[in-house]
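# Structural characterization, general
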Amino acid sequence: MSDSELDAAGISDPRLRQAYQRCRTLNAQHGRTYFLATRLLPRERRPAVHALYGFARWADDIVDEPAPPDGHRTRGHALEELRRDLLAGLDQGCSNDELLAAVVHTAVRYGLPRALFEDFLTSMRMDLSVSDYPDRAALNRYVRGSAEAIGLQLLPVLGTVSPPEHAAPHAAALGKAFQLTNFLRDVAEDLDRDRVYLPADELAAHGVDRELLIWCRQRRCTDPRVRRALAEQHAATREVYRFARRGIALLEPVSRPCVETACTLYAQILDRIEEEDFAVFRIRATVGRWRRVRVATSGLVRSTLARRAGRAPGTRQERREIA
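Below: a short report on this structure. (Residues numbered from 1 in each chain as written. Predicted model: local features only at pLDDT ≥ 70, side-chain atom pairs only at ≥ 80, totals over all residues. Heavy atoms only, no water.)

## Focus: helix α4 (residues 46-64)
Here is the rule: Only DSSP runs of H or I with at least four residues qualify as helices, and only runs of E with at least two residues qualify as strands; both kinds are numbered from the N terminus onward. Between the first and last residue of a helix there are one fewer steps than residues, each counted as 1.5 Å, and that sum is the expected span. Using a 1.4 Å probe on the protein chains alone, a residue whose accessible area is under 20% of its type maximum counts as buried, one over 50% counts as exposed, and one in between counts as partly exposed.
Its 19 residues give α4 an end-to-end C-alpha distance of 26 Å, which sits within 8% of 27 Å, the value for a rise of 1.5 Å per residue. In terms of residue burial, α4 counts as a mostly covered element, since 17 of its 19 residues are buried.

## Side note on the pattern of salt bridges
To keep things clear, this is the line we draw: By salt bridge we mean one thing: a side-chain nitrogen of Lys or Arg within 4 Å of a carboxyl oxygen of Asp or Glu.
For the coordinates displayed, the defined rule picks out 26 salt bridges. One salt bridge in this structure joins E252 and R45, with 2.6 Å as the shortest N-O distance. One end of the pair, E252, is in the loop between α13 (224-245) and α14 (256-275); the other, R45, is in the loop between α3 (32-38) and α4, and 207 residues separate them in sequence. Under the relative-accessibility criterion, E252 is labelled buried at 15%.

## Comments concerning helix α9 (residues 164-185)
An ideal rise of 1.5 Å per residue puts 32 Å on 22 residues; α9 measures up with 31 Å between its terminal C-alpha atoms. Of all 22 residues in α9, 18 are buried, a share of seventy percent or more.

## Quick notes on the packing of aromatic side chains
Using the following cut-off: Each aromatic pair joins two rings of Phe, Tyr and Trp (for Trp, the six-membered one) with centres within 6.5 Å, and gets the label stacked for planes under 30 degrees apart, edge-to-face for over 60, and tilted for any other angle. Lysine NZ or arginine CZ positioned within 6 Å of the ring centre and within 35 degrees of the ring normal marks a charge as sitting over the ring.
Using the criterion set out here, one finds 12 aromatic pairs in the structure. Seen in terms of ring centroids, Y34 and Y53 are 4.4 Å apart; in terms of plane orientation they differ by 15°. Their pairing is stacked. With a gap of 19 residues between them, Y34 in helix α3 and Y53 in helix α4 connect regions that are remote in the sequence. Its guanidinium or amino end placed over the ring of W58, R22 lies 5.3 Å from that ring's centre, counting from NZ or CZ.

## Some details on the nonpolar core
The criterion, for reference: Only buried residues count toward a nonpolar core, which is a set of Ala, Val, Leu, Ile, Met, Phe, Trp, Tyr and Cys residues joined through side-chain atoms within 4.5 Å. Should any heavy atoms of two residues lie within 4.5 Å, those residues are counted as being in contact.
Core analysis: the largest hydrophobic core is formed by 95 residues, its most contacted members being F55, L86, F117 and F281. Beyond its immediate sequence surroundings of up to four residues, F55 is in contact with L82, L86, L99, L100, V103, F117, F120 and L121.

## Here we look at the environment of A88
Its place among the elements puts A88 in helix α5 (residues 71-92). The exposure class of A88 is partly exposed, given its relative accessible area of 31%. Measuring from C-alpha to C-alpha, the distance between A88 and V104 comes to 9.6 Å, with 16 residues separating the pair along the chain.

Keep in mind that these numbers describe shape and distance, not what the molecule does.
Here is the structure:
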């Protein structure tokens, strides 16, 4: 994280700056799309986004990294230790941990509800014991903590031009859309971790079960029944994106280019999956570098214009009138 971002955010404590730097590094290493989009935000808002995504990445790594023979117990202990330290920090309003210090500082600064972090960690714990989801309702319970909670955490950082409760359902839906996209893209990788993040009853309607998915994984091909089932999940995810996009107009203008860029790039992963005829067991769908550059460049132009408009006389008054 550049010093200018931390300076703009008014973060001067050396240990706190170091914690934010660590979060930024995690975001840059593991979330190329999120990291790229975050750069379109005003500098003073970027550290908070890095803190929230860095924490999510850290917790996710605990449950996803290859485990030793007693892995579930070891990872469960690590996750519980993280939960205990985070909640203690939230209760005290500060933390001495080299990463959680930034997370707690962000939570306090933006008034983020403790329940959002608890929901997230509950879903992370599910990954230690749950390997299948029987229906959409069960999957939604997992996604509520693992993805929707993150969208809601980010909302106060992004800011809104309407009452936050109007934008909240759309913010949650965007987090959900990103996660459902990951589930489709990473079917093969998740199978390697003994997990299936697709509703079993909806797969069964097409004659698909875990055994058939494993068969596809082993042969790196997509059975026609699996293709039809994935196409149905793909269409359902598109609907979530359509609802989520309607909330972008409710965000503060300076935040819209960031969210529009992230939304566009992630939706293009769905495009790639469809273009490859759902060959998810053979190809991991990605958005090419030049396509990402084009989308980001367009976002940068909109971001620059929004910031200039925000500095224009009367803009703050107009924003209050809209709200």
